[in-house]
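Residues per chain, in single letters:
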Amino acid sequence: MKARRLFALLVILALVLPLIASCGPAPTEAPAEEPVEEPVEEPAEEPAEEPAEEPAEEPAEAPAEEEAVEIRWYVGLGAGSDEPTFEPQQAVVDEFNASQDEIELILEIVDNEVAYDTLATQIAAGNAPDVVGPVGVRGRDSFKGAWLDLQPLIDVQGYDLSSFDPAMVEFYHVAEEGQLGIPFAIFPSFVIFNKDLFDEAGLAYPPQEYGAPYVDADGVELEWNMDTLRELAMQLTVDANGNDATSPDFDPESIVQFGWLNQWTDPRGIGTFFGSGSLVDPDGNAQIPEEWRDAWKWTYEGYWTDYFIPNAPYEGAEFLQGPGGAFSSGNLAMVHLHMWYVASWALGEVDFAWDLGATPSYNGVVTSKMHADTFGIMRTTEHPDEAFQVLTYLLSEEVASDLLNIYGGMPARLSMQEEWLTNYGATNFPDMDIDWQVAVDSMAYADNPNHESWMPSFLETTDRYNEFWNLVSNEPGLDMDVEIDTLLADLQTIFEAAED
């Protein structure tokens with residue numbers, strides 16, 4: 001109740017007081033009041049400064065494009081260093097460079113006469129190329145230890161080797177060095193025989209299928225081996241009086257036709273006809289494989305006792321000269337040679353019919369020595385992946401086809417062989433029916449180790465065994481075991497000197 005009264009009194013005062021004030025005298029000026037200090041406001045906390053905005057970043061420049069990796073491709077150890085091949089090889093390079101922007105392929109062509117020395121100089125100076133080729137076994141092994149083992153790259157990249165004959169893949173595997181190449185251009189070897197001379201003698205042709213027997217004119221089957229070859233070759237070796245080398249009336253001083261020759265090869269190639277091997281044993285010492293010893297003695301008897309092989313004087317005789325050596329003369333019944341010989345320069349103008357036959361066996365084993373070219377990667381390359389990309393590009397079906405046309409050579413890739421052989425035959429021998437399957441089947445019998453493989457003091461060793469063969473092919477009456485043992489001792493001396 002008291003509260004209500006107090007509230008009423010306050011209301012009345014609030015109404016009356018203004019009226020009283022308005023009736024009073026004018027107020028005197030009051031002394032100026034000291035201004036009431038208003039409480040000093042603490043400066044209001046400025047909101048925490050937001051981090052000063054950095055000037056807006058200009059859009060980041062796109063990272064500079066990485067420069068393409070340079071891969072140098074060295075040509076000169078084999079085919080490809082003659083001028084007509086320059087432009088088509090450069091076209092292959094240009095197409096590769098246009099197809100991608102990560103690798104710049106650079107072609108280096110060096111004349112074959114100086115290519116070995118040039119590459120040796122580059123290697124010594126630490127300036128070796130990345131990819132080298134085409135190169136054969138002899139060229140590769142002139143730089144032993146300089147090549148990259150491709151197997152890890154083949155495994156990582158899953159490169160498919162199934163389109164090559166397994167024997168040819170193994171051909172490029174070198175003990176203690178690895179897989180040094182992938183098959184590209186191959187030149188298998190086989191028998192080439194003069195059909196006209198067989199017909200004239202009334203003899204059946206050599207078998208054209210590996211594993212098949214020789215079936216003579218009477219239908220008798222004989223194993224196609226070195227004994228059968230010798231007998232057949234003697235029947236095809238004829239003197240000026242028409243007597244063959246099996247006749248007691250045969251005159252070895254007046255031979256006008258021979259039965260057999262391992263043409264255009266050296267003692268290592270002749271030895272390999274009986275089996276693959278090497279003059280170097282696993283410890284680096286000199287050796288003569290037993291098969292080679294047998295082959296050399298068999299050949300020596302063919303020169304000077306059985307007379308079915310032309311010795312050096314006879315091989316130089318006028319009646320055995322032709323554009324492709326003795327066989328192309330028409331006076332030699334059979335040779336063992338490589339695919340590179342089956343070409344128009346050697347056989348295109350001959351006036352006799354010929355065909356291919358299977359290589360005979362020795363002790364049940366067939367060995368058809370192989371010449372082959374491929375591309376290698378030098379182990380000093382700083383870009384093995386890119387180098388392998390280049391190598392597989394060169395080996396691809398489309399590009400390999402172009403390169404094989406440039407260099408010559410039978411494709412190692414199985415899928416390419418049938419078409420290539422058909423076209424090759426139609427181009428070079430349009431009027432002949434050649435059994436090309438013999439060449440294809442010969443791949444399976446390639447020699448490994450290869451007859452052109454590395455030897456210590458390569459040139460000196462080559463000179464010494466050629467000196468040996470010059471003696472063998474020119475001198476009757478030798479004791480071959482003595483001569484072979486002398487060669488072995490001399491090679492050991494050369495090998496030991498090479499270690500010093």
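Source: prediction; values computed, not measured.

Trainee: So what's going on with the overall build of the protein chain? Residues and values would help.
Mentor: Per the secondary structure count, the protein chain includes 18 helices and 16 strands. Sequence-distant contacts, at least 24 apart, represent 72% of the contacts inside the protein chain between residues at least 6 apart. Here the protein chain has roughly 26,200 Å² of accessible surface; of this, 51% comes from carbon and sulfur atoms.

Trainee: An account of the pattern of salt bridges is needed here, citing residue identities and associated values.
Mentor: For the structure on display, the rule yields eight salt bridges. Between Lys144 and Glu177 there is a salt bridge, with the nearest N and O atoms lying 2.6 Å from each other. Remark: Glu177 occurs in the loop between strand S4 (173-174) and strand S5 (178-179) and Lys144 occurs in the loop between helix H4 (137-141) and helix H5 (151-157); sequence separation between them is 33 residues. In this structure Glu177 comes out as buried when scored by relative accessible area, which is 17%. Put simply, Asp490 and Arg464 hold a salt bridge, and the shortest N to O gap is 2.8 Å. Separated by 26 residues along the polypeptide, Asp490 in helix H18 (residues 480-499) and Arg464 in helix H17 (residues 458-474) bring together distant segments of the chain.

Trainee: Quick rundown of the environment of Gln90? Include the residues and the values.
Mentor: Within the secondary structure, Gln90 sits in helix H2 (residues 86-99). With a relative accessible area of 31%, Gln90 lands in the partly exposed category. With 18 residues separating them along the chain, Gln90 and Glu108 place their C-alpha atoms 9.7 Å apart.

Trainee: So what's going on with the packing of helix H10 (residues 290-304) against H17? Residues and values would help.
Mentor: As a packed pair, H10 and H17 sit with axes 9 Å apart at the nearest point and diverge in direction by 35°. Along the contact surface, H10 presents Trp296, Thr299, Tyr300, Tyr303 and Trp304, while H17 presents Phe468, Trp469, Val472, Ser473 and Asn474. The class makeup of the residues in the contact of H10 with H17 is seven nonpolar, three polar and no charged.

The rules behind each value
Counting restarts for each chain, with residues numbered from 1 along the sequence as it is written. Given that the model is predicted, a residue must reach a pLDDT of at least 70 before its local features are reported, and side-chain atom pairs must reach 80 or more before they are shown or counted; all residues, however, enter totals for whole chains, interfaces and linings. As a rule here, side-chain values cover all heavy atoms of the structure and leave hydrogens and water aside. Secondary structure counts use DSSP, requiring at least four H or I residues in a row for a helix and at least two E residues in a row for a strand, with both numbered from the N terminus. By definition in these notes, contact holds between two residues if any of their heavy atoms fall within 4.5 Å. Here the accessible surface of atoms and residues is derived via Shrake-Rupley with a 1.4 Å probe, and residues count as covered only by protein chains that are part of the display. Criterion for a salt bridge: a side-chain nitrogen of Lys or Arg within 4 Å of a carboxyl oxygen of Asp or Glu. Only protein chains enter the area calculation, which uses a 1.4 Å probe; residues under 20% of their type maximum are buried, those over 50% are exposed, and those in between are partly exposed. Geometry is summarised by axes, namely lines fitted to C-alpha atoms with helices restricted to the contacting stretch, and by angles between N-to-C directions that run from 0 to 180 degrees. Only Asp, Glu, Lys and Arg are considered charged in this grouping, and only Ala, Val, Leu, Ile, Met, Phe, Trp, Tyr, Cys and Pro are considered nonpolar; every other residue, Gly among them, is considered polar.

Just distances and angles here, no functional claims.
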